[in-house]
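The lines below spell out each chain.
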Amino acid sequence: MLIGLNLFVVVLLVLAIATIFAGVKTVPQGYQYTVERFGRYTRSLTPGLNIIIPFIDRIGTRMNMMEQVLDVPTQEVITRDNATVAVDGIAFFQVFDAPRASYEVARLDLAILALTTTNIRTVMGAMDLDQLLSHRDEINERLLKVVDAAAAPWGVKITRIEIKDIVPPADLVTAMARQMKAEREKRAVVLEAEGQRQSEILRAEGEKQGQILQAEGRREAAFRDAEARERLAEADAKATQMLSAAVASGDPAALNYYIAEKYVKALEAMATAPNQKTLILPYEATAVIGSLAGIAEIARGAFGEAGAPARPRMRPTGPAAGAPADSSA
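Report follows, based on the coordinates.

## Quick look at the packing of aromatic side chains
No. 1: Within this structure, the stated rule accounts for one aromatic pair.
No. 2: Here the basic side chain of Arg 160 rests over the ring of Phe 92, its NZ or CZ set 4.5 Å away from the ring centre.

Rendered as structure tokens:
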């Protein structure tokens, strides 16, 4: 009888320990457990130590409350312009209501995946290929708005949907590459033509400025030449007046000097002409000697020798003195 009593105590102790373990539940961080009593939801257990009624209450669903990642497999989508592309993506979601996520939908991950896949085809099928390749942000935003609104009754928040790859067919990729190459060549030709046009404009501007400067230089030179000729004419006029006054006063030295100067300048011009090969001097050299004698007299008068007795001047005997030239000479 003592053995039976001891066995009963042991069984009772084991049942008590099992009851304690069945009634105490520890929930890890980031999870919530639903509690069912006779198959019906009653409450949710939060992270930490929780107590339930043993053998009456039981744990229904261990729901992950952290943000989760769902990979969207590759699928083919036909765009509005009948181009077939392969598309895959990724979705991020988070459960914010454990009872609704547990009892409003079965297999939550599969439901979100199916919803995302369907809406990818709907949204991207309404766009052209060019829009599809260049407006990913718009696609992600529209997908997020549609899928989040559809998953809200399940107690789930869709935080982000991203399209990873959009792969057109190989022939379409080749055509796009040719189009891009042609567009770049077109831009290069346009830029080259624009550069040549700018170069021609700058060259024309430079030539214009050069011609303007040359015209201004020629105008300035002409002005200077005219001024020099005017001064030379004034000097000649003054010299002529002085010569006329000297002749009128009976002094032939100035006239002789003037004639000799013109004579020498004429000979100089003839001798220095670029096309002059033969120089013909006058036959009557005495005319030149007479002119030089007149110049000598003028020089003596200028240097203070006017008081000295003048030497007898050589009278030219040729045509310069008015006599006819001897043919035998």
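## Points about the sheet that holds strand 6 (residues 68–78)
No. 1: The antiparallel open sheet is built from three strands, whose spatial order is 6-7-8. A strand with exactly one partner marks an edge of an open sheet, and here the two such strands are strand 6 and strand 8 (156–167). Geometrically, the sheet is characterised by an average inter-axis angle of 20° between neighbouring strands, direction not taken into account.
No. 2: When strand 7 (residues 84–95) meets strand 8, the two strands line up antiparallel, connected through ten bridges. Considered in strand 8, the bridge of Ala 91 is made with Ile 161.
No. 3: Along the sheet face, helix 3 (residues 108–125) touches strand 6, strand 7 and strand 8 and points at about 35° away from the line of strand 6.

## Quick word on the packing of helix 3 against helix 5 (residues 136–151)
No. 1: Direction vectors running N to C along helix 3 and helix 5 enclose 135°, while the axes themselves pass 10 Å from each other. Here helix 5 runs oblique to helix 3, going by the angle between their axes. Crossing of helix 3 against helix 5: the hand is right-handed. For the pair helix 3 and helix 5, contact is made by Leu 115, Thr 116, Asn 119, Ile 120, Val 123 and Met 124 and by Ile 139, Arg 142, Leu 143, Val 146, Val 147, Ala 150 and Ala 151, respectively.
No. 2: Each residue belonging to the contact of helix 3 with helix 5 can be placed in one class, and the counts come to ten nonpolar, two polar and one charged.

## Thoughts on the nonpolar core
Side chains of nonpolar character tend, in soluble globular proteins, to be buried together.
No. 1: The biggest cluster of nonpolar side chains holds 34 residues, and the ones touching the most others in it are Leu 108, Met 124 and Trp 154.
No. 2: Secondary structure elements with two or more residues in this core: strand 6, strand 7, helix 2 (98–103), helix 3, helix 4 (129–134), helix 5 and strand 8.
No. 3: Ranked by the residues each element gives to this core, the list is headed by helix 3, at seven residues.
No. 4: In contact with Leu 108, other than residues within four places in its own chain, are Phe 93, Val 95, Ala 101, Trp 154 and Val 156.
No. 5: Membership of the second largest hydrophobic core comes to six residues, among which are Tyr 33, Leu 45, Ile 52 and Ile 59.

## Re the sheet that holds strand 5 (residues 57–64)
No. 1: Taken in spatial order, the three strands make up an open sheet running 3-2-5, and their pairing is antiparallel. Since the sheet does not close on itself, it has two edges, and those belong to strand 3 (40–45) and strand 5, each with one partner. In this sheet, neighbouring strand axes are inclined to one another by 30° on average, regardless of whether the strands run parallel or antiparallel.
No. 2: The pairing of strand 2 (residues 31–37) with strand 3 spans five bridges and is classified as antiparallel. Paired with Thr 34 across the strands is Ser 44, a residue of strand 3.

## Looking at the side chain of Asn 64
No. 1: Topologically, Asn 64 is positioned in strand 5.
No. 2: Judged by its relative accessible area of 17%, Asn 64 falls in the buried class.
No. 3: Here Met 66 takes part through its backbone nitrogen, which lies 3.0 Å from a polar atom of the side chain of Asn 64.
No. 4: Residues within four places of Asn 64 in sequence aside, it is in contact with Gly 30, Tyr 31 and Val 95.

## Side note on unusual backbone geometry
No. 1: If you check the backbone angles, Asn 82 has positive phi at about 65° while not being a glycine.
No. 2: Positionally, Asn 82 belongs in the loop between strand 6 and strand 7.

## Considerations on the pattern of salt bridges
No. 1: Applying the stated rule across the entire model yields eleven salt bridges.
No. 2: The partner of Asp 57 in a salt bridge is Arg 37, with the nearest N and O atoms 2.5 Å apart. Taken together, the positions of Asp 57 in strand 5 and Arg 37 in strand 2 put the pair 20 residues apart, joining distant regions of the chain.
No. 3: Arg 37 sits in the partly exposed class, given a relative accessible area of 33%.
No. 4: Its salt-bridge partner being Arg 224, residue Glu 220 comes within 3.1 Å of it at the nearest N-O pair.

Here is what the cut-offs are and how they apply
Starting afresh in each chain, residues are numbered from 1 along the sequence in its written order. pLDDT decides what is reported in this predicted model: residues at 70 or higher carry local features, side-chain atom pairs at 80 or more are listed and counted, and totals for whole chains, interfaces and linings draw on all residues regardless. For side-chain calculations, the full set of non-hydrogen atoms in the structure is used, while hydrogens and water are omitted. Ring pairs are drawn from Phe, Tyr and Trp, using the six-membered ring of Trp, whenever the two centres fall within 6.5 Å, and their geometry is named by plane angle: stacked under 30 degrees, edge-to-face over 60, tilted for the rest. Think of it as a cone above the ring: NZ of Lys or CZ of Arg counts as a charge over the ring if it is within 6 Å of the ring centre and within 35 degrees of the ring normal. Two strands are said to pair when DSSP picks up at least two bridges between them. Secondary structure elements follow DSSP: runs of H or I of four or more residues count as helices, runs of E of two or more count as strands, with numbering from the N terminus. Structural elements are reduced to axes, namely lines fitted to C-alpha atoms, with helices fitted over the stretch in contact, and the angle between N-to-C directions of any two is expressed from 0 to 180 degrees. Contacts: residue pairs with any heavy atoms within 4.5 Å of one another. Roughly parallel means an angle under 35 degrees; roughly antiparallel means over 145; roughly perpendicular covers 65 to 115; every other angle is labelled oblique. Note on convention: the crossing is left-handed when the near helix lies turned anticlockwise from the far helix by less than a right angle, right-handed when the turn is clockwise. Residues were grouped as follows: Ala, Val, Leu, Ile, Met, Phe, Trp, Tyr, Cys and Pro as nonpolar; Asp, Glu, Lys and Arg as charged; and all remaining residues, including Gly, as polar. To form a nonpolar core, buried Ala, Val, Leu, Ile, Met, Phe, Trp, Tyr and Cys residues must be joined to one another through side-chain atoms within 4.5 Å. Exposure is judged per residue with a 1.4 Å probe applied to protein chains only, and the accessible area is read against the type maximum: over 50% gives exposed, under 20% gives buried, and values in between give partly exposed. Between N or O atoms, a polar contact is any pair within 3.5 Å; within protein, one atom must be a potential hydrogen donor and the other a potential acceptor, and residues adjacent in sequence are included only when both atoms are from side chains. In the sections that follow, a salt bridge refers to a side-chain nitrogen of Lys or Arg positioned within 4 Å of a carboxyl oxygen of Asp or Glu.

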